[in-house]
Amino acid sequence: MTNPTLLSVSDVRKSFATPRGPLKALDGVSFSIKPGETLALVGESGSGKSTLALVLLGLLGADSGMLAFDGRSAAPIADRAHRRPDRGLGIVFQNPHSSLNPRMKVRSLVAEPLKASSDLHGNALTDRVVTLLEQVGLGRQYMERYPHELSGGQMQRVAIARALALEPKLLILDEPTAALDVSVRMQILKLLKSLQEHHGTSYLYITHDLGTVDHIADQIIVMYLGRIVESGRVQDVFAAPRHPYTRALLDAVPTLDPRNRGVFVTLDGEVPSPVDRPSGCSFAPRCRWKTRRCTEIDPALEVADPGRAFACHHPLASGPDGNELDH
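Not measured: the values here are computed from a predicted model.

(A) Structural view of the pairing of strand 2 (residues 21–33). Direction of pairing for strand 1 (residues 7–18) relative to strand 2: antiparallel, over a ladder of 10 bridges. Bridging from a neighbouring strand, V12 pairs with V29 of strand 2.

(B) Examining the environment of V229 more closely. For V229, the location among the structural elements is in strand 10 (residues 227–233). Sequence spacing of V229 and T246 is 17 residues, and the spatial spacing of their C-alpha atoms is 8.2 Å. Apart from residues lying up to four places away in sequence, V229 is in contact with V222, Y224, H243, Y245, L301, A309, F310 and A311.

(C) Summary view of the packing of helix 5 (residues 152–164) against helix 6 (residues 182–199). Close contact between helix 5 and helix 6 brings their axes to 10 Å; oriented N to C, the two are set at 20 degrees. In terms of their interaxial angle, helix 5 and helix 6 are classed as roughly parallel. Here helix 5 runs over helix 6; the crossing is right-handed. Mapping the contact onto sequence places G153, Q156, R157, I160 and L164 in helix 5 and V184, Q187, I188, L191, L192 and L195 in helix 6. Considering only residue class, the contact of helix 5 with helix 6 consists of 7 nonpolar, 3 polar and 1 charged.

(D) Just the packing of aromatic side chains, in detail. The full count for this structure, using the stated rule, is 3 aromatic pairs. Both rings, one in Y224 and one in Y245, keep their centres 4.7 Å apart while their planes meet at 65 degrees; by these two values the pair is edge-to-face. Separated by 21 residues along the polypeptide, Y224 in strand 9 (residues 219–224) and Y245 in helix 8 (residues 244–251) bring together distant segments of the chain. We classify Y245 as buried; its relative accessible area is 0%. Measuring from centroid to centroid gives 5.3 Å for Y224 and F283, while their planes differ by 90 degrees, and the two rings are edge-to-face. With Y224 in strand 9 and F283 in the loop between helix 8 and helix 9 (292–296), this pair connects stretches of sequence that are 59 residues apart. Like F283, Y224 is buried. Chaining the aromatic ring pairs together yields one cluster made of Y224, Y245 and F283.

(E) Region of interest: the side chain of S231. Of note, S231 is situated in strand 10. For S231, a relative accessible area of 17% translates into the label buried. Excluding its chain neighbours within four sequence positions, the residues that come into contact with S231 are I220, I221, V237, G307, R308 and A309.

(F) Up close: the environment of A161. Positionally, A161 belongs in helix 5. Under the relative-accessibility criterion, A161 is labelled buried at 0%. Considering only alpha carbons, one finds A161 and D218, 57 residues apart in sequence, at a separation of 23 Å. Not counting residues up to four positions away in its chain, the partners in contact with A161 are V110, L132, L133 and V136.

(G) Here's a closer look at unusual backbone geometry. Within the chain, E167 stands out as a residue other than glycine whose phi angle is a positive 50 degrees. One can find E167 in the loop between helix 5 and strand 7 (170–174).

(H) Region of interest: the sheet that holds strand 9. Reading across from one edge, 6-7-8-3-9-10-12-11 is the order of the 8 strands in this open sheet, with mixed pairing throughout. The open sheet has two free edges, formed respectively by strand 6 (89–92) and strand 11 (302–303), since each of these has just one partner strand. Sheet topology places strand 9 next to strand 10; 6 bridges connect them, and they run antiparallel. Counted as the bridge partner of Y224 is R227 from strand 10. Contacting strand 6 and strand 7, helix 5 runs over the sheet at an angle of about 175 degrees to strand 6. With respect to the sheet, helix 8 is in contact with strand 9 and strand 10, its orientation differing from that of strand 9 by roughly 105 degrees.

The rules behind the values
Residues numbered from 1 in each chain as written. Predicted model: local features only at pLDDT ≥ 70, side-chain atom pairs only at ≥ 80, totals over all residues. Heavy atoms only, no water. Pairing = 2+ DSSP bridges. Helix = DSSP H or I, 4+ residues; strand = E, 2+ residues; numbered from the N terminus. Contact = heavy atoms within 4.5 Å. Axes fitted to C-alpha atoms, helices over the stretch in contact; angles between N-to-C directions. Parallel < 35°, antiparallel > 145°, perpendicular 65-115°, else oblique. Left-handed = near helix turned anticlockwise from the far one by under 90°. Nonpolar A, V, L, I, M, F, W, Y, C, P; charged D, E, K, R; others polar. Phe/Tyr/Trp six-rings, centres within 6.5 Å; stacked < 30°, edge-to-face > 60°. Buried < 20%, exposed > 50% of the residue type's maximum accessible area, 1.4 Å probe, protein only.

Listed below in structure tokens is the structure:
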């Protein structure tokens, strides 16, 4: 029996009004996540990753699209806007310095969602807070500390404990390690994997750093300018990326392997303005393999192998040399 779908979103669109015209932050995004699965959402700044997270949480209204969560029937995603967030959804933000109230002790920070959504109080509430802190590798002694008395990694552990307080089925991780040192970054990723194995929580892992994706994710979606340009299993996409943008992102990950020196695909230029999109393929101005067709016709997202899709007129070869076009 195949795993049921925990979250399914279809054709999500979100625009912002600007003096220069509408800014399309999300332009027809669709994907699904299964129970216990981690989906990585990657792309440069401005690709729409964080906007999507806010839309899913109902903190930002969408223009259109459908969403189904935890066995419920699909409903317009716009209906979620400004409603009380679903307790089945949690989030860990990028910077714990800004997401944790500096005037509250750890005890109160972790207990706050429990006070708002449960009848725990007194010793039962304290015991629950202690349990949550222990799950993220922090002892009882941290309860009376303020955020400024903690290291960056310890603050992020508190943020994770707080997010897990209501036992969400899906946890959105919005660049959860970006503000941390490399060594601490790996500790947090290992912690998240351990917690997932223990609780069965699904993750939507949002990042611009592909160097961390294969440590935590099962599936990957690559976004560019509000659209999905490639998706599939992490191992498949990393082994043979079909879209030039994915290839360039992977080549930007630092490596010590001398065999890879000099073979990287460089990514020149900046992400175009969502207000003034290029005609045809949005990635064409930065693509070394663009043709006239690329500048005139916007490629559709096509399904190749089961579970694998990409939007490119001239996809890279799926064989050993991923730097050659697949004609």
